[in-house]
Amino acid sequence: MGHMEEVVEDEVSAIVYYLPHHGVYRQESKTTPLRVVFNASSITTSGESLNSLQLNGGVIQGYLFSILLNFRARKFAVTADIKKMFRMILIDESQRERERELLRIVWKDKIDSPVKIFRLTTVTYGTKSAPYLATRSLKQLVIDDSDKYPLAAEVIMSDVYMEDLTVADDLESGRKLQVQLVSMLKGAGMELHKWSASNPLLLSQTQCVKLRTSLILLQPRPRPLDSCGSYILILLLSRFLL
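A brief structural summary.

What counts, and where the lines are drawn
- Think of each chain on its own: its residues are numbered from 1, step by step along the sequence as written.
- Selection of residues for local features in this predicted model requires a pLDDT of at least 70, selection of side-chain atom pairs for listing and counting requires 80 or more, and totals for whole chains, interfaces and linings are taken over all residues.
- Computation of side-chain values covers all heavy atoms of the structure but excludes hydrogens and water.
- Secondary structure elements follow DSSP: runs of H or I no shorter than four residues count as helices, runs of E no shorter than two count as strands, and numbering proceeds from the N terminus.
- When accessible area is computed with a 1.4 Å probe and restricted to protein chains, residues below 20% of their type maximum are described as buried, those above 50% as exposed, and intermediate ones as partly exposed.
- To measure how exposed things are, a 1.4 Å probe is used in the Shrake-Rupley method; for residues, cover is taken only from the protein chains shown.
- Strands are labelled as partners when DSSP assigns at least two bridges between them.
- Note on geometry: axes are lines fitted to C-alpha atoms, helical ones only across the stretch in contact, with angles between N-to-C directions running from 0 to 180 degrees.
- Residues are said to line a cavity or pocket when one of their atoms sits within 4 Å of a point; the points come from a 1 Å grid over protein atoms alone, cavities being sets where a 1.4 Å probe fits but cannot get out and pockets being open sets with protein on both sides within 12 Å along at least five of seven lines.
- Grid points are joined across faces, edges and corners, and a volume is the space filled by probe spheres set on the points.
- One less than the residue count of a helix, multiplied by 1.5 Å, gives the span that helix is expected to have.
- Summarising the geometry, the arc corresponds to the directions from the helix axis toward the C-beta atoms.
- Any two residues having at least one pair of non-hydrogen atoms within 4.5 Å are treated as being in contact.
- An angle below 35 degrees is treated as roughly parallel, one above 145 as roughly antiparallel, one from 65 to 115 as roughly perpendicular, and anything else as oblique.
- The hand of a helix crossing depends on one turn: near helix anticlockwise from the far one by less than a right angle means left-handed, and clockwise means right-handed.
- Residues are grouped as follows: Ala, Val, Leu, Ile, Met, Phe, Trp, Tyr, Cys and Pro are nonpolar; Asp, Glu, Lys and Arg are charged; all remaining types, including Gly, are polar.

Along the chain, the regular secondary structure elements total 7 helices and 10 strands. Relative to its full complement of 242 residues, the chain shows a buried share of 37%. If you sum the accessible surface of the chain, you get close to 14400 Å²; carbon and sulfur atoms cover 56% of it.

Our next topic: the sheet that holds strand E5 (residues 104–107). The antiparallel open sheet is built from 3 strands, whose spatial order is E1-E6-E5. Bordering the open sheet on either side are strand E1 (4–6) and E5, each of which pairs with just one other strand. Averaged over all pairs of adjacent strands, the angle between strand axes in this sheet comes to 35°, irrespective of strand direction.

This structure, assessed with the given rule, holds 1 cavity of 30 Å³ or more. Roughly 140 Å³ of internal volume is contained in the largest cavity. Taken together, 12 residues line the largest cavity, and the ones lying closest to its centre are Ile60, Gln61, Thr135, Ile156 and Met157. Elements with a minimum of two residues in the lining of the largest cavity: helix H3 (130–145) and helix H4 (150–158).

Another point: H3. For H3, which comprises 16 residues, the first-to-last C-alpha distance of 23 Å matches the rise-based estimate of 22 Å (1.5 Å per residue) to within 8%. Along H3, the residues that are buried comprise Ala130, Ala134, Thr135, Leu138, Leu141, Val142 and Asp145. Seen along its axis, H3 keeps its buried residues to an arc of 135°; they face one direction. Residues of H3 that are buried sit in contact with strand E4 (78–82), H4, strand E7 (160–161) and helix H5 (171–186).

This part is about H5. When the terminal C-alpha atoms of H5 are compared, their 22 Å separation across 16 residues agrees well with the 22 Å that a helix rising 1.5 Å per residue should span. Among all positions in H5, only Leu171, Ser173, Gly174, Leu177, Gln178, Gln180, Leu181, Val182, Met184 and Leu185 are buried.

With that out of the way, let us pick up the packing of H3 against H4. It is the contact of H3 with H4, at a shortest axis distance of 10 Å, that shows an interaxial angle of 155°. Relative to H4, the element H3 lies roughly antiparallel. Every pair of crossing elements has a handedness; the one defined by H3 and H4 is left-handed. Together, Leu138, Lys139 and Val142 of H3 and Ala153, Ile156 and Met157 of H4 make up the contact between the two elements. Among the residues forming the contact of H3 with H4, the class breakdown is 5 nonpolar, no polar and 1 charged.

Read these as layout, nothing more, since geometry by itself doesn't imply function.
Shown next, in the form of structure tokens:
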């Protein structure tokens with residue numbers, strides 16, 4: 001994936017930080033059963049950690065409650081997830097001395113292999129600024145390509161929570177929206193998967209069938225809207241908050 005590069009022995013930097021990391025295995029996960037977790041809050045001998053010195057960038061996405069209300073207000077619904085979103089965002093080469101050196105790890109391929117030093121080259125989950133950088137990258141994508149993909153741009157700006165897209169509309173515009181989302185994100189090296197929809201016709205597009213890992217139909221309960229008993233709303237809340 002090109003998400004890290006080896007540090008050669010003669011490279012010397014004034015300030016470095018080594019990220020502790022370990023693997024977390026989840027047998028029930030169909031897409032990422034083994035996930036690497038990085039701890040940027042690990043305190044060094046200076047008494048500080050990378051996260052304690054880093055700014056979080058602030059919140060530039062909509063409130064979760066507003067996103068859920070937008071989702072519930074439409075007749076049809078479809079959701080998708082941006083696959084390995086953080087890993088798809090490259091830290092610029094010009095920032096290598098200032099940021100990549102703060103994302104060093106030690107690694108070896110086998111038990112009896114020598115320990116090597118690597119620096120991560122992409123936005124890393126576990127660092128304080130990662131959520132902001134990911135959301136800001138999506139916003140920049142909208143700024144750059146909104147003229148080519150107006151439907152996708154509107155959804156990304158108002159109906160996205162982190163890497164999860166929540167979109168809903170009538171069937172015809174929903175199909176057009178899917179095509180635009182796939183194309184727009186593909187241009188940035190990102191891929192949509194985990195497609196779910198309230199209508200199977202929204203899962204029949206070639207792009208969606210190719211990318212999804214599972215098909216889930218969101219079935220609303222036959223209860224009045226003002227009862228706040230929507231299965232879709234409950235499902236999304238559990239998806240975002242658990």
